[in-house]
Amino acid sequence: MITKKLETLIREALKKMGIESSEIKLERPEDASHGDYATNVALACAKTQKIAPKQFAEKLVAELLNAPHEGIEKIEIAGPGFINFFFDDAYFSKSLEDALGAGDKWGTNATLKNKKVLVEYTDPNILKEFHIGHLMSNTIGESIACIMETTGAEVKRACYQGDVGMHVACAIWGIIDLKKDGSAEPMNSKFLGKAYARGATASKENENAKKEIIEINKKIYTRSDEKINKLYDLGRQVSLDDFEGKYKKLGMKTRLNGKSFDFYFFESKTWEFGKKIVLDNPKIFEKSDGAIIYKGDESKGLHTRVFINSEGIPTYEAKDLGLSKIKYETYPYEISIVVTANEQKEYFRVVLDAMAKVSPELAKKTEHYSHGMLRLPTGKMSSRTGDVVTAEALLRDVKGLAIGKIKDSNFSSEEKNDIAEKVALGAIKYSILRQSSGKDIIFDFEKSLSFEGDSGPYLQYSYARARSLLEKASGKKIDVTNYKEISPLHKYIVRFPEVVLRAGETRQSHYITTYLIDLAREFNSFYGNTLVLDGSPDEAYKLALVKATSQTLKNGLELLGIPVPERM
RNA sequence: GCCCUUGUAGUUCAAUGGAUAGAACUGCGGACUUCUAAGCCGUCAAUGUUGGUUCGAUUCCAACCGGGGGCACCA
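Counting restarts for each chain, with residues numbered from 1 along the sequence as it is written. Here the convention is simple: chains get letters from A, ligands get numbers from 1, in the order in which they are written. Owing to the predicted nature of the model, reporting of local features is limited to residues with pLDDT of at least 70; listing and counting of side-chain atom pairs is limited to 80 or more, with chain, interface and lining totals taken over all residues.

1. Comments concerning the overall build of chain A
Line of reasoning, step 1. In terms of helices and strands, chain A carries 21 helices and 14 strands.
Line of reasoning, step 2. Along the first, second and third principal axes, the C-alpha atoms of chain A reach 80 × 65 × 40 Å.
Line of reasoning, step 3. Put plainly, a residue is buried at 20 or more neighbouring C-beta atoms within 10 Å of its own, exposed at 12 or fewer, and partly exposed in between, counting only other residues' C-beta atoms, which are placed from the backbone. Burial analysis of chain A (568 residues in total) assigns 41% to the buried set.
Line of reasoning, step 4. Contacts spanning at least 24 positions in sequence make up 75% of the contacts within chain A whose residues lie at least 6 apart. The numbering of helices and of strands both runs from the N terminus, where a helix is a DSSP run of H or I of at least 4 residues and a strand a run of E of at least 2. A pair of residues counts as a contact when their C-beta atoms, built from backbone coordinates, are separated by no more than 7 Å.

What follows is the structure, given as structure tokens:
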């Protein structure tokens, strides 16, 4: 990639001047008159060299021009001492050719070639609603997984599900209680959500119920009660099947195992491993008030957490230790990424700290990626009170809006439905992925979802527009060199690989969304101000731009997990 | 109380310590009866407060003010 080349070029030049520079910073100037790339090394080095930045820059530029510098047309010094690089036309033609030649591979790199990467995300708990929080985790995790694939890594997707624990016991209690009332319904996800809410509320408000739920919890772990086993097994299966349907709806691809994730891990499997790890390490985990805890180092801002409760049941903490072990045995990864909402951030720091003592090699490979939460204007959602927006309801409502936007009567109702589904997913996923991680999204249905401007549908529309144009031009010649001058759109297209690279290194999807929206704007501006099919000499060049734009938009949208309709 | 996180136009978001803080929505104003108007062009409008570090701070540090999250047997 050109950045690496430039970096070495500068590093070598500095070396000749007797300077070892650890970091060469290159940036894309916003203003085109500042070149295609700029560096501030002159400003950074000037002080230690005790020389004015501009003078230093002049010396450096002379040195740079001495070395072979293919692809660079000119180098300028500007402002307080920036060095601006301008690429030559040959470079741009070549890059555009690369884009067209690479097709679906356009934008990829080899930074993690053949490395094994595991990404865990979504993590819904059985017997509870699949709400917009899970949708957020799924959207972000899926995008990170796709982005990691561009690095050449072998990526596997994992979903970790809480199929034992107090929440499950609450739901089972709720089912039994609803049956007593005579208000039992067929076992489906909606009924299970209701049952959970019933049990969770009872455990908070009613001491007796709480005791019963604790008993049920134990019985689930030990599988000692036939009646409860039956309810549990049925509920669990209904829940899991229901989730699988949701993943499909969210646009996840089918993996080799015929499902949406490569691996499914369950708390009912991790707890034994976790418990063993804790009990085997009495020096790390200590007894306190009948429970076994891990004392976090307060000077590092860590707090103390219970790993095995006084009933002898491992908590989520211990299970997570067990999970890391099972994961590694299943798939010996170089990098393990866990995606959760940031309410688990502090929790994870403690678990990772404990893991660093138990199995340091795994802790080193584990990254916790925490994202903000999807919040309602009214505040936090609660499945206990039933104050949740399910992913399904949201998708349905947004799809309804999207259908209303389709004007073209050329589409059959089947096509309309398909387009609306894709646009709805585009709108929702984009609104989640457009911002840098960590911040909450206040989810106001009216305001958060846009079909115009800075939105997913804008990207999809731009793509469909480009495709339509290419269809009209089918059979016509495409040529990357026959231009009057290099267009800004051209310069923008060829940046794609470095954006993908950065997104991969930082595991941040929003670099992709930001880039794509700028690209689409550049394209629409071009489209609005230029007639492409005009029979002029540079028509072939303009078509090359349209084709490269459509390829870039497509590849980019796929990294976001956003469907790419051919027409809309 | 302690820890983490966050504060940018009226609103929702950008900005690897750099050059004139960039978009979208909203408002206001345009063009086009030519390849998809979910589009294009123009315009109004912002870095919570006070200090510090730096040639240069939205970005780093400190304090304060406001939002969110976490802090022992939930996940």
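2. A closer look at the protein's contact with RNA strand B
Line of reasoning, step 1. The full set close to RNA strand B counts 86 residues, and Glu-27, Gly-165, Asn-309, Gly-453 and Ser-468 are the nearest of them.
Line of reasoning, step 2. In this count, Pro and Cys sit with the nonpolar residues alongside Ala, Val, Leu, Ile, Met, Phe, Trp and Tyr, while Asp, Glu, Lys and Arg are called charged and the others, Gly among them, polar. Partitioning the surface near RNA strand B into residue classes produces 31 nonpolar, 30 polar and 25 charged. By definition, a residue lies near a molecule or strand when the C-beta atom built from its backbone is within 6 Å of it.

3. Description of unusual backbone geometry
Line of reasoning, step 1. Even without being glycine, Thr-122 reaches a positive phi, approximately 80°.
Line of reasoning, step 2. In this structure, Thr-122 sits in the loop between β5 (116-120) and α5 (132-149).
Line of reasoning, step 3. A tally of 29 C-beta atoms within 10 Å means that Thr-122 is categorised as buried.
Line of reasoning, step 4. With phi around 50°, Arg-223 is a residue other than glycine that occupies positive phi space.
Line of reasoning, step 5. By the element assignment, Arg-223 lies in the loop between α8 (207-222) and α9 (226-249).

4. Quick notes on the packing of helix α17 (residues 456-472) against helix α21 (residues 539-560)
How two helices sit against one another is set out by the angle between their axes and by the gap between those axes.
Line of reasoning, step 1. Angles here are taken between N-to-C directions and fall from 0 to 180 degrees, while the axes themselves are lines fitted to C-alpha atoms, restricted in helices to the stretch in contact. It is the contact of α17 with α21, at a shortest axis distance of 9 Å, that shows an interaxial angle of 145°. Note that α17 runs across α21; the crossing there is left-handed. Counting all contacts with α17, which are made through Leu-459, Ser-462, Tyr-463, Ala-466, Arg-467, Leu-469 and Leu-470, the residues of α21 involved are Val-546, Lys-547, Thr-549, Ser-550, Leu-553, Lys-554 and Leu-557.
Line of reasoning, step 2. Tallied by class, residues from the contact of α17 with α21 come to eight nonpolar, three polar and three charged. We call a crossing left-handed when the near helix sits turned anticlockwise from the far one by less than a right angle, and right-handed when that turn is clockwise.

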